[in-house]
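Listed below are the residues making up each chain.
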Amino acid sequence: MSAPSKKLSKGEKKMLKRDAKLSQLLMKSENIETVKSPSPFVVIGNGGLMCGVTQEQLLEIFCQYANVSNIIMLPERSFAFVSFPTVDDAIRVVEMAQGFNFHATGASEALLHLMYIENLPEASNCLADMYKLMPPGLIFVAEIVDEAYEKELLQVVAEEDETIIEESRSLKHRRVKHYGFEFRYDTNNVDKDQPLHQQIPTACNRVTETLIRLKHVQQWPDQLTVNEYEPGQGMNVYHYTHYV
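This section reports on the structure supplied with the text.

Cut-offs and rules
- Residues numbered from 1 in each chain as written.
- Predicted model: local features only at pLDDT ≥ 70, side-chain atom pairs only at ≥ 80, totals over all residues.
- Heavy atoms only, no water.
- Phe/Tyr/Trp six-rings, centres within 6.5 Å; stacked < 30°, edge-to-face > 60°.
- Buried < 20%, exposed > 50% of the residue type's maximum accessible area, 1.4 Å probe, protein only.
- Lys NZ or Arg CZ within 6 Å of the ring centre and 35° of its normal.
- Pairing = 2+ DSSP bridges.
- Helix = DSSP H or I, 4+ residues; strand = E, 2+ residues; numbered from the N terminus.
- Contact = heavy atoms within 4.5 Å.
- Axes fitted to C-alpha atoms, helices over the stretch in contact; angles between N-to-C directions.

### A short note on the packing of aromatic side chains
Piece 1. Tallied over the full model, the rule gives two aromatic pairs.
Piece 2. With 5.5 Å between their ring centres and 75° between their planes, Phe-79 and Phe-81 make a pair best called edge-to-face.
Piece 3. On the accessibility criterion, Phe-81 (1% relative accessible area) is buried.
Piece 4. Taking NZ or CZ as reference, Arg-206 lies 4.3 Å from the ring centre of Tyr-149, over its face.

So this is what it looks like as structure tokens:
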């Protein structure tokens, strides 16, 4: 004789209904299945662009608990997708961010609903294509710079007097400005013994503070290079120096 089944609480019944609803929506719109076993891929119900949620808001929540590899937000969707470096990272975020109320962040009031999925969506639209084409480890953080802040940054750079014109065999002349230290393209390094008198403009602090808060930058930078490219000029393949 089998043991009687455990009676579910109201909260558990609500969660099952939410699970079923999100699973059906995901299968119908993206042909992606949710899974019970933990995986490094997670769908975020009520965390999509349609709900007024931004990638930066999701990063700010999730980076408190784990490292994030990628976030995919599709147009006209109420959900988003997140991938993590490891299954353990995904487990921590699902446990800690389940039911997070986004009302306090300025978005419409909605509780985040997190479920594991077997895979990420196919790159079937331009936004997903952008994420798929990113190099491994690169994270795109949206909406750090709005239109007003963009004008402020451009004005600060334009007010500086000293401009260096860099030449290359494969590139047209381009304008480059260095702050803190001059970045030497011939050595991919800086000369620490020759600091510049132009320090990083304080107008850049907002970007730096956001990146530090989101754990994309570990310490306050002391060097900045600004490149100006003309429309259609194109860029060479670069080897970026993480730190010197």
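### A short note on the sheet that holds strand β4 (residues 79-83)
Piece 1. Read from one edge of the open sheet, five strands run β1-β5-β2-β4-β3, paired in antiparallel fashion. What marks the edges here is a single partner per strand, and that holds for β1 (34-35) and β3 (70-73).
Piece 2. Bridging between β1 and strand β5 (residues 113-117) involves two bridges; their strand directions are antiparallel. Within the sheet, the bridge partner assigned to Val-35 lies in β5 and is Tyr-116.
Piece 3. Strands β2 (41-45), β3, β4 and β5 of the sheet are contacted by helix α2 (residues 55-62), whose axis makes an angle of about 145° with β3.
Piece 4. Where helix α3 (residues 87-97) meets the sheet, its contacts fall on β2 and β5, and the angle it forms with β5 comes to roughly 155°.

These results come straight from atomic positions and should not be treated as a statement about function.
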